[in-house]
Amino acid sequence: MEEIYLDNSATTKPFASVCQIMMEIMETAYGNPSSMHKKGIKAEHYVHHASDQIAKTLKVSPKEIFYTSGGTESNNMALIGTALANKRMGSHIITTEIEHPSVHNPLLFLKEQGFELTFLPVDSFGHIKKEDLLNAIREDTILISIMYVNNEIGTLEPVAELAKAAKEKKPDIFVHSDAIQAYGKYQIYPKREGIDLLSISGHKIHGPKGIGALYISDKVKIKPILYGGGQQKGMRSGTENVSGIAGLGMAAEEIYQNYKEKIQELYEKKLYFIEQIVKIEGTTVNGVELEKGIQKVEETAPHIISVSFEGIKSEVLLHALEEKGIYVSSGASNHPKLSSTLKAIGVKRELMDATLRFSMSGDTTKQELDIVLETLKNLLPQLRRFVRN
(Lines give C-alpha, C1' and ligand atoms only; values in the text may rest on other atoms or scores of the structure.)
Protein backbone atom coordinates (compact mmCIF):
# COMPACT_ATOMS: atom_id res chain seq x y z
CA MET A 1 0.00 0.00 0.00
CA GLU A 2 1.46 3.35 -1.04
CA GLU A 3 1.67 5.87 1.79
CA ILE A 4 0.55 9.47 1.51
CA TYR A 5 2.05 11.73 4.14
CA LEU A 6 0.12 14.92 4.86
CA ASP A 7 1.36 15.67 8.36
CA ASN A 8 4.30 17.89 7.46
CA SER A 9 3.38 20.50 10.07
CA ALA A 10 4.11 17.86 12.69
CA THR A 11 7.39 16.82 11.13
CA THR A 12 9.02 16.51 7.73
CA LYS A 13 11.15 13.87 6.05
CA PRO A 14 14.82 14.96 6.21
CA PHE A 15 16.50 15.97 2.97
CA ALA A 16 19.01 13.44 1.65
CA SER A 17 21.72 16.09 1.98
CA VAL A 18 20.85 16.48 5.67
CA CYS A 19 21.18 12.75 6.33
CA GLN A 20 24.46 12.67 4.43
CA ILE A 21 26.18 15.47 6.32
CA MET A 22 24.95 14.18 9.68
CA MET A 23 26.31 10.71 8.98
CA GLU A 24 29.58 12.20 7.78
CA ILE A 25 29.97 14.14 11.02
CA MET A 26 29.07 11.23 13.27
CA GLU A 27 31.64 9.07 11.49
CA THR A 28 34.53 11.50 11.02
CA ALA A 29 33.95 14.76 12.93
CA TYR A 30 32.73 13.40 16.23
CA GLY A 31 34.94 15.60 18.39
CA ASN A 32 33.65 17.95 21.06
CA PRO A 33 33.56 21.47 19.55
CA SER A 34 34.91 22.84 22.84
CA SER A 35 38.04 20.69 22.57
CA MET A 36 41.23 22.43 21.42
CA HIS A 37 42.61 19.58 19.31
CA LYS A 38 41.99 18.98 15.61
CA LYS A 39 38.89 16.86 16.14
CA GLY A 40 37.31 19.60 18.21
CA ILE A 41 38.30 22.32 15.78
CA LYS A 42 36.79 20.36 12.89
CA ALA A 43 33.53 19.94 14.80
CA GLU A 44 33.52 23.63 15.65
CA HIS A 45 33.94 24.44 11.96
CA TYR A 46 30.67 22.65 11.18
CA VAL A 47 28.87 24.68 13.85
CA HIS A 48 30.20 27.98 12.48
CA HIS A 49 29.30 26.99 8.93
CA ALA A 50 25.72 26.19 9.94
CA SER A 51 25.46 29.56 11.66
CA ASP A 52 26.58 31.21 8.43
CA GLN A 53 23.98 29.24 6.45
CA ILE A 54 21.10 30.14 8.76
CA ALA A 55 22.16 33.76 9.25
CA LYS A 56 22.30 34.23 5.49
CA THR A 57 18.65 33.22 5.11
CA LEU A 58 17.62 35.72 7.81
CA LYS A 59 20.11 38.48 6.85
CA VAL A 60 21.48 38.63 10.38
CA SER A 61 24.88 38.10 11.96
CA PRO A 62 25.95 34.48 12.63
CA LYS A 63 26.80 35.64 16.16
CA GLU A 64 23.06 36.22 16.73
CA ILE A 65 22.18 32.55 16.09
CA PHE A 66 21.96 30.28 19.14
CA TYR A 67 21.21 26.56 19.05
CA THR A 68 18.65 24.74 21.17
CA SER A 69 17.08 21.29 21.38
CA GLY A 70 14.15 22.44 19.21
CA GLY A 71 11.39 24.97 18.78
CA THR A 72 10.01 24.46 22.27
CA GLU A 73 13.29 25.33 23.92
CA SER A 74 13.78 28.28 21.57
CA ASN A 75 10.42 29.70 22.64
CA ASN A 76 11.14 29.04 26.32
CA MET A 77 14.55 30.67 26.09
CA ALA A 78 13.18 33.72 24.29
CA LEU A 79 10.28 34.32 26.65
CA ILE A 80 11.65 33.32 30.05
CA GLY A 81 15.14 34.64 29.37
CA THR A 82 13.96 38.02 28.14
CA ALA A 83 11.32 38.46 30.82
CA LEU A 84 13.67 37.68 33.70
CA ALA A 85 16.43 39.88 32.32
CA ASN A 86 14.14 42.89 31.97
CA LYS A 87 11.96 42.59 35.06
CA ARG A 88 13.19 45.91 36.41
CA MET A 89 11.83 47.57 33.25
CA GLY A 90 8.37 46.09 33.70
CA SER A 91 6.37 42.93 34.23
CA HIS A 92 3.73 43.04 31.49
CA ILE A 93 3.76 40.69 28.47
CA ILE A 94 1.39 40.63 25.50
CA THR A 95 0.57 37.58 23.39
CA THR A 96 -2.38 36.11 21.47
CA GLU A 97 -5.07 33.56 22.19
CA ILE A 98 -3.82 31.23 19.45
CA GLU A 99 -0.19 30.64 20.38
CA HIS A 100 1.38 27.20 20.42
CA PRO A 101 1.62 25.55 23.88
CA SER A 102 5.41 26.09 23.79
CA VAL A 103 4.66 29.81 24.02
CA HIS A 104 1.48 29.70 26.08
CA ASN A 105 2.81 27.49 28.86
CA PRO A 106 6.12 29.33 29.47
CA LEU A 107 4.05 32.50 29.78
CA LEU A 108 1.85 30.83 32.38
CA PHE A 109 5.06 29.96 34.24
CA LEU A 110 6.07 33.62 34.10
CA LYS A 111 2.66 34.56 35.46
CA GLU A 112 3.44 32.42 38.50
CA GLN A 113 6.63 34.46 38.89
CA GLY A 114 4.66 37.69 39.11
CA PHE A 115 4.40 38.80 35.46
CA GLU A 116 1.10 40.04 34.06
CA LEU A 117 -0.21 38.66 30.77
CA THR A 118 -2.58 40.05 28.16
CA PHE A 119 -4.00 37.60 25.62
CA LEU A 120 -5.21 39.38 22.48
CA PRO A 121 -8.37 38.03 20.81
CA VAL A 122 -8.46 37.13 17.12
CA ASP A 123 -11.06 37.33 14.38
CA SER A 124 -12.60 34.32 12.61
CA PHE A 125 -9.47 33.98 10.47
CA GLY A 126 -7.08 34.11 13.41
CA HIS A 127 -5.84 37.68 12.97
CA ILE A 128 -5.28 40.08 15.81
CA LYS A 129 -6.18 43.74 15.34
CA LYS A 130 -3.45 46.33 15.46
CA GLU A 131 -5.71 48.56 17.54
CA ASP A 132 -6.08 45.84 20.17
CA LEU A 133 -2.31 45.45 20.35
CA LEU A 134 -1.68 49.17 20.71
CA ASN A 135 -4.38 49.52 23.34
CA ALA A 136 -2.83 46.69 25.32
CA ILE A 137 0.64 48.26 25.49
CA ARG A 138 1.35 49.80 28.88
CA GLU A 139 4.21 51.68 30.46
CA ASP A 140 5.43 48.42 32.02
CA THR A 141 5.08 46.27 28.89
CA ILE A 142 8.43 44.66 28.12
CA LEU A 143 7.67 41.89 25.63
CA ILE A 144 5.26 40.96 22.85
CA SER A 145 5.07 37.42 21.45
CA ILE A 146 3.10 36.86 18.24
CA MET A 147 3.42 33.72 16.14
CA TYR A 148 4.30 34.26 12.48
CA VAL A 149 2.08 31.44 11.21
CA ASN A 150 -0.50 29.54 13.22
CA ASN A 151 0.29 25.85 13.33
CA GLU A 152 -3.32 24.66 13.17
CA ILE A 153 -5.09 26.82 10.59
CA GLY A 154 -2.20 28.52 8.80
CA THR A 155 -3.04 32.12 9.69
CA LEU A 156 -0.30 34.54 8.63
CA GLU A 157 0.00 37.33 11.17
CA PRO A 158 1.31 40.72 9.94
CA VAL A 159 4.16 40.61 12.43
CA ALA A 160 6.27 43.30 10.75
CA GLU A 161 3.37 45.76 10.71
CA LEU A 162 2.48 44.98 14.32
CA ALA A 163 6.08 45.23 15.51
CA LYS A 164 6.52 48.60 13.82
CA ALA A 165 3.36 49.99 15.38
CA ALA A 166 4.27 48.65 18.82
CA LYS A 167 7.77 50.15 18.74
CA GLU A 168 6.46 53.49 17.58
CA LYS A 169 4.38 53.57 20.74
CA LYS A 170 7.04 52.08 23.03
CA PRO A 171 10.52 51.97 21.45
CA ASP A 172 12.15 49.81 24.13
CA ILE A 173 9.67 46.94 23.79
CA PHE A 174 10.96 43.55 22.62
CA VAL A 175 9.15 41.51 19.96
CA HIS A 176 9.37 37.72 19.78
CA SER A 177 7.88 35.60 17.02
CA ASP A 178 7.42 31.85 16.97
CA ALA A 179 8.33 31.26 13.30
CA ILE A 180 8.46 27.49 13.55
CA GLN A 181 5.73 27.01 10.91
CA ALA A 182 6.86 30.03 8.88
CA TYR A 183 10.59 29.62 8.45
CA GLY A 184 11.24 28.03 5.07
CA LYS A 185 7.80 29.11 3.81
CA TYR A 186 8.48 32.86 3.97
CA GLN A 187 11.55 34.98 3.54
CA ILE A 188 11.85 36.44 7.03
CA TYR A 189 14.24 39.28 7.77
CA PRO A 190 14.01 40.01 11.52
CA LYS A 191 16.00 43.25 11.56
CA ARG A 192 13.90 44.73 8.76
CA GLU A 193 10.66 43.51 10.35
CA GLY A 194 11.36 44.69 13.88
CA ILE A 195 11.62 41.18 15.32
CA ASP A 196 14.10 40.90 18.19
CA LEU A 197 13.79 37.17 18.85
CA LEU A 198 12.80 34.49 16.31
CA SER A 199 12.33 30.77 16.96
CA ILE A 200 12.89 28.05 14.35
CA SER A 201 12.91 24.25 14.42
CA GLY A 202 14.90 21.80 12.33
CA HIS A 203 12.37 19.05 11.75
CA LYS A 204 9.78 21.43 10.26
CA ILE A 205 12.08 22.23 7.31
CA HIS A 206 13.33 18.74 6.40
CA GLY A 207 16.09 18.90 8.98
CA PRO A 208 16.67 16.62 11.98
CA LYS A 209 14.58 16.40 15.12
CA GLY A 210 16.03 17.57 18.40
CA ILE A 211 17.61 20.73 17.05
CA GLY A 212 16.35 24.30 16.83
CA ALA A 213 17.69 27.81 16.73
CA LEU A 214 16.87 31.14 18.26
CA TYR A 215 17.80 34.42 16.64
CA ILE A 216 18.56 36.94 19.38
CA SER A 217 19.21 40.49 18.28
CA ASP A 218 22.40 41.88 19.76
CA LYS A 219 20.23 44.63 21.26
CA VAL A 220 18.25 42.23 23.44
CA LYS A 221 19.00 41.90 27.13
CA ILE A 222 18.41 38.23 27.93
CA LYS A 223 19.36 35.67 30.57
CA PRO A 224 20.16 32.01 29.91
CA ILE A 225 17.76 29.39 31.20
CA LEU A 226 20.38 26.61 31.14
CA TYR A 227 23.58 26.88 33.14
CA GLY A 228 26.71 24.80 32.92
CA GLY A 229 29.92 24.94 30.91
CA GLY A 230 29.19 28.28 29.29
CA GLN A 231 28.94 27.13 25.68
CA GLN A 232 27.45 29.48 23.08
CA LYS A 233 28.75 32.57 24.86
CA GLY A 234 27.09 31.40 28.05
CA MET A 235 23.61 31.64 26.53
CA ARG A 236 23.01 27.92 26.19
CA SER A 237 25.33 25.65 28.12
CA GLY A 238 25.81 22.05 27.04
CA THR A 239 27.94 20.36 24.40
CA GLU A 240 26.63 21.38 21.00
CA ASN A 241 24.75 18.80 18.95
CA VAL A 242 27.17 19.14 16.05
CA SER A 243 25.53 16.72 13.63
CA GLY A 244 22.09 18.18 14.36
CA ILE A 245 23.36 21.73 13.95
CA ALA A 246 25.00 20.87 10.63
CA GLY A 247 21.80 19.16 9.52
CA LEU A 248 19.78 22.24 10.44
CA GLY A 249 22.18 24.47 8.51
CA MET A 250 21.97 22.24 5.45
CA ALA A 251 18.16 22.15 5.63
CA ALA A 252 18.01 25.94 5.98
CA GLU A 253 20.14 26.40 2.88
CA GLU A 254 18.26 23.83 0.79
CA ILE A 255 14.74 24.88 1.82
CA TYR A 256 15.35 28.32 0.30
CA GLN A 257 16.73 27.04 -3.02
CA ASN A 258 14.23 27.75 -5.84
CA TYR A 259 12.10 29.19 -3.03
CA LYS A 260 9.56 31.15 -5.10
CA GLU A 261 8.79 28.29 -7.46
CA LYS A 262 8.30 25.79 -4.61
CA ILE A 263 6.00 28.09 -2.66
CA GLN A 264 3.92 28.92 -5.72
CA GLU A 265 3.45 25.21 -6.39
CA LEU A 266 2.35 24.68 -2.79
CA TYR A 267 -0.23 27.46 -3.06
CA GLU A 268 -1.60 25.98 -6.29
CA LYS A 269 -2.00 22.58 -4.62
CA LYS A 270 -3.57 24.13 -1.53
CA LEU A 271 -6.11 26.06 -3.58
CA TYR A 272 -6.94 22.97 -5.61
CA PHE A 273 -7.41 20.82 -2.50
CA ILE A 274 -9.64 23.40 -0.83
CA GLU A 275 -11.76 23.94 -3.93
CA GLN A 276 -12.35 20.21 -4.17
CA ILE A 277 -12.85 19.34 -0.53
CA VAL A 278 -15.55 21.97 0.04
CA LYS A 279 -17.59 20.14 -2.59
CA ILE A 280 -17.84 17.20 -0.19
CA GLU A 281 -20.99 17.46 1.91
CA GLY A 282 -20.55 18.62 5.48
CA THR A 283 -17.03 20.03 5.20
CA THR A 284 -15.78 23.44 6.32
CA VAL A 285 -12.31 24.85 5.73
CA ASN A 286 -11.06 26.91 8.66
CA GLY A 287 -9.14 30.16 8.22
CA VAL A 288 -9.93 30.66 4.54
CA GLU A 289 -12.92 32.22 2.77
CA LEU A 290 -13.04 31.40 -0.93
CA GLU A 291 -16.37 32.83 -2.04
CA LYS A 292 -16.35 36.21 -0.35
CA GLY A 293 -12.66 36.79 -0.88
CA ILE A 294 -12.21 38.02 2.68
CA GLN A 295 -9.22 35.74 3.20
CA LYS A 296 -7.47 34.52 0.07
CA VAL A 297 -5.49 31.31 0.09
CA GLU A 298 -2.33 33.30 -0.72
CA GLU A 299 -2.83 35.25 2.51
CA THR A 300 -2.38 32.08 4.57
CA ALA A 301 0.52 29.66 4.96
CA PRO A 302 1.05 27.62 1.78
CA HIS A 303 1.18 24.21 3.45
CA ILE A 304 -1.56 24.07 6.13
CA ILE A 305 -5.23 23.23 5.53
CA SER A 306 -7.66 22.83 8.43
CA VAL A 307 -10.95 21.09 7.65
CA SER A 308 -13.92 20.32 9.92
CA PHE A 309 -16.17 17.37 9.06
CA GLU A 310 -19.73 17.39 10.35
CA GLY A 311 -21.01 14.27 12.06
CA ILE A 312 -17.70 12.50 12.59
CA LYS A 313 -15.03 12.44 15.31
CA SER A 314 -11.62 13.55 14.11
CA GLU A 315 -9.89 10.59 15.76
CA VAL A 316 -12.17 8.14 13.99
CA LEU A 317 -11.57 9.74 10.61
CA LEU A 318 -7.84 10.04 11.25
CA HIS A 319 -7.49 6.30 11.88
CA ALA A 320 -9.78 5.43 8.99
CA LEU A 321 -7.47 7.39 6.71
CA GLU A 322 -4.45 5.79 8.35
CA GLU A 323 -5.80 2.36 7.39
CA LYS A 324 -5.73 3.58 3.80
CA GLY A 325 -2.11 4.68 4.14
CA ILE A 326 -2.95 8.37 4.52
CA TYR A 327 -1.35 10.24 7.42
CA VAL A 328 -2.85 13.49 8.75
CA SER A 329 -3.22 15.21 12.11
CA SER A 330 -6.14 16.13 14.34
CA GLY A 331 -4.49 19.44 15.25
CA ALA A 332 -1.79 20.76 17.56
CA SER A 333 -0.21 17.82 19.37
CA ASN A 334 -3.27 15.79 18.33
CA HIS A 335 -5.47 17.27 21.10
CA PRO A 336 -8.37 18.95 19.25
CA LYS A 337 -10.51 19.24 22.39
CA LEU A 338 -7.83 21.47 23.85
CA SER A 339 -7.48 23.62 20.73
CA SER A 340 -7.44 27.22 21.85
CA THR A 341 -7.08 28.24 18.21
CA LEU A 342 -10.33 26.66 17.03
CA LYS A 343 -12.12 28.09 20.06
CA ALA A 344 -10.66 31.55 19.48
CA ILE A 345 -11.78 31.73 15.85
CA GLY A 346 -15.32 30.67 16.76
CA VAL A 347 -15.48 27.09 15.50
CA LYS A 348 -18.64 25.41 16.77
CA ARG A 349 -18.14 23.15 19.76
CA GLU A 350 -19.30 20.05 17.89
CA LEU A 351 -16.78 20.71 15.11
CA MET A 352 -13.79 21.25 17.37
CA ASP A 353 -13.60 17.49 17.82
CA ALA A 354 -14.26 16.93 14.12
CA THR A 355 -11.30 18.77 12.61
CA LEU A 356 -8.28 17.45 10.76
CA ARG A 357 -5.15 19.24 9.60
CA PHE A 358 -3.70 18.37 6.21
CA SER A 359 -0.19 19.75 5.82
CA MET A 360 1.85 19.45 2.65
CA SER A 361 5.49 19.64 1.66
CA GLY A 362 7.27 20.15 -1.63
CA ASP A 363 7.08 16.38 -2.12
CA THR A 364 3.27 16.35 -2.08
CA THR A 365 1.77 15.66 -5.50
CA LYS A 366 -1.60 16.54 -7.02
CA GLN A 367 -2.14 12.84 -7.63
CA GLU A 368 -1.80 12.19 -3.91
CA LEU A 369 -4.31 14.93 -3.14
CA ASP A 370 -6.76 13.38 -5.60
CA ILE A 371 -6.42 10.02 -3.85
CA VAL A 372 -7.09 11.67 -0.48
CA LEU A 373 -10.14 13.47 -1.83
CA GLU A 374 -11.55 10.30 -3.37
CA THR A 375 -10.88 8.38 -0.16
CA LEU A 376 -12.73 11.00 1.87
CA LYS A 377 -15.69 10.91 -0.50
CA ASN A 378 -15.98 7.17 0.09
CA LEU A 379 -15.21 7.11 3.81
CA LEU A 380 -17.31 9.96 5.14
CA PRO A 381 -20.78 8.59 4.24
CA GLN A 382 -19.85 5.20 5.70
CA LEU A 383 -18.50 6.65 8.94
CA ARG A 384 -21.44 9.03 9.35
CA ARG A 385 -23.90 6.16 8.95
CA PHE A 386 -22.00 4.24 11.59
CA VAL A 387 -22.11 7.19 14.00
CA ARG A 388 -25.86 7.69 13.48
CA ASN A 389 -26.52 4.03 14.15
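Scroll up to find the structure.
Since the structure is predicted, the reported quantities are computational estimates derived from the model, not experimental observations.

Chemist: Go over the sheet that holds strand 9 (residues 283–286) with me, naming the residues and quoting the values.
Modeler: The 3 strands are arranged 9-10-12 in an open sheet whose pairing can be described as antiparallel. One side of each edge strand has no neighbouring strand; the edge strands of this open sheet are strand 9 and strand 12 (355–359). Pairs of neighbouring strands in the sheet enclose a mean axial angle of 30°, with direction left out of account. Across the face of the sheet, helix 9 (residues 259–277) comes into contact with strand 9, strand 10 (304–309) and strand 12 while running at roughly 10° to strand 10. Helix 10 (residues 314–323) rests against strand 10 and strand 12 of the sheet, and its axis sits at about 40° to strand 12.

Chemist: Describe the packing of aromatic side chains, listing the residues and the values that go with them.
Modeler: Within this structure, the stated rule accounts for 5 aromatic pairs. Between the aromatic rings of Phe309 and Phe358, the centroid separation amounts to 6.4 Å while the plane-to-plane angle is 65°, which identifies the pairing as edge-to-face. Of the two residues, Phe309 sits in strand 10 while Phe358 sits in strand 12, which places them 49 residues apart along the sequence. The burial state of Phe309 is the same as that of Phe358; both residues are buried. In textbook terms, an aromatic cluster arises when at least three aromatic residues are bridged by ring pairs, as seen for Tyr183, Tyr256 and Tyr259.

Chemist: I'd like to hear about the side chain of Thr283, residue by residue, with values.
Modeler: Structurally, Thr283 is set in strand 9. Overall, Thr283 belongs to the buried group, its relative accessible area being 12%. Of note is the side chain of Thr283, whose polar atom sits 2.9 Å from the backbone oxygen of Ile280. With near-sequence residues (within four places) excluded, Thr283 lies in contact with Ile277, Val278, Val307, Ser308 and Phe309.

Chemist: Could you give an account of the pattern of salt bridges, with specific residues and numbers?
Modeler: Scanning the model with the defined rule gives 10 salt bridges in all. Across the pair Arg138 and Asp140 runs a salt bridge, and its minimum N-O distance is 2.9 Å. With a relative accessible area of 31%, Arg138 lands in the partly exposed category. Among the ionic pairs, Lys167 bridges to Asp196, the shortest N-O distance being 2.8 Å. Within this pair, whereas Lys167 is found in helix 6 (residues 159–169), its partner Asp196 is found in the loop between helix 7 (190–193) and strand 7 (197–201), the two being separated by 29 residues in sequence. A relative accessible area of 22% places Lys167 in the partly exposed class. Connected through shared salt-bridge partners, Glu116, Arg138 and Asp140 make up one network.

Chemist: Describe the packing of helix 1 (residues 16–28) against helix 2 (residues 38–58), and please don't skip the residues or the numbers.
Modeler: In contact at an axis separation of 11 Å, helix 1 and helix 2 are set at 165° when each is read in the N-to-C sense. Classified by the interaxial angle, the pair formed by helix 1 and helix 2 is roughly antiparallel. Seen from above, helix 1 lies across helix 2 with left-handed handedness. Where helix 1 abuts helix 2, its residues Ile21, Glu24, Ile25 and Thr28 lie against Lys39, Lys42 and Tyr46. Residues that form the contact of helix 1 with helix 2 fall into these classes: 3 nonpolar, 1 polar and 3 charged.

Rules and cut-offs
- Residues numbered from 1 in each chain as written.
- Predicted model: local features only at pLDDT ≥ 70, side-chain atom pairs only at ≥ 80, totals over all residues.
- Heavy atoms only, no water.
- Pairing = 2+ DSSP bridges.
- Helix = DSSP H or I, 4+ residues; strand = E, 2+ residues; numbered from the N terminus.
- Axes fitted to C-alpha atoms, helices over the stretch in contact; angles between N-to-C directions.
- Contact = heavy atoms within 4.5 Å.
- Phe/Tyr/Trp six-rings, centres within 6.5 Å; stacked < 30°, edge-to-face > 60°.
- Buried < 20%, exposed > 50% of the residue type's maximum accessible area, 1.4 Å probe, protein only.
- Polar contact = N/O pair within 3.5 Å; in protein donor to acceptor, adjacent residues only side chain to side chain.
- Salt bridge = Lys/Arg side-chain N within 4 Å of Asp/Glu carboxyl O.
- Parallel < 35°, antiparallel > 145°, perpendicular 65-115°, else oblique.
- Left-handed = near helix turned anticlockwise from the far one by under 90°.
- Nonpolar A, V, L, I, M, F, W, Y, C, P; charged D, E, K, R; others polar.

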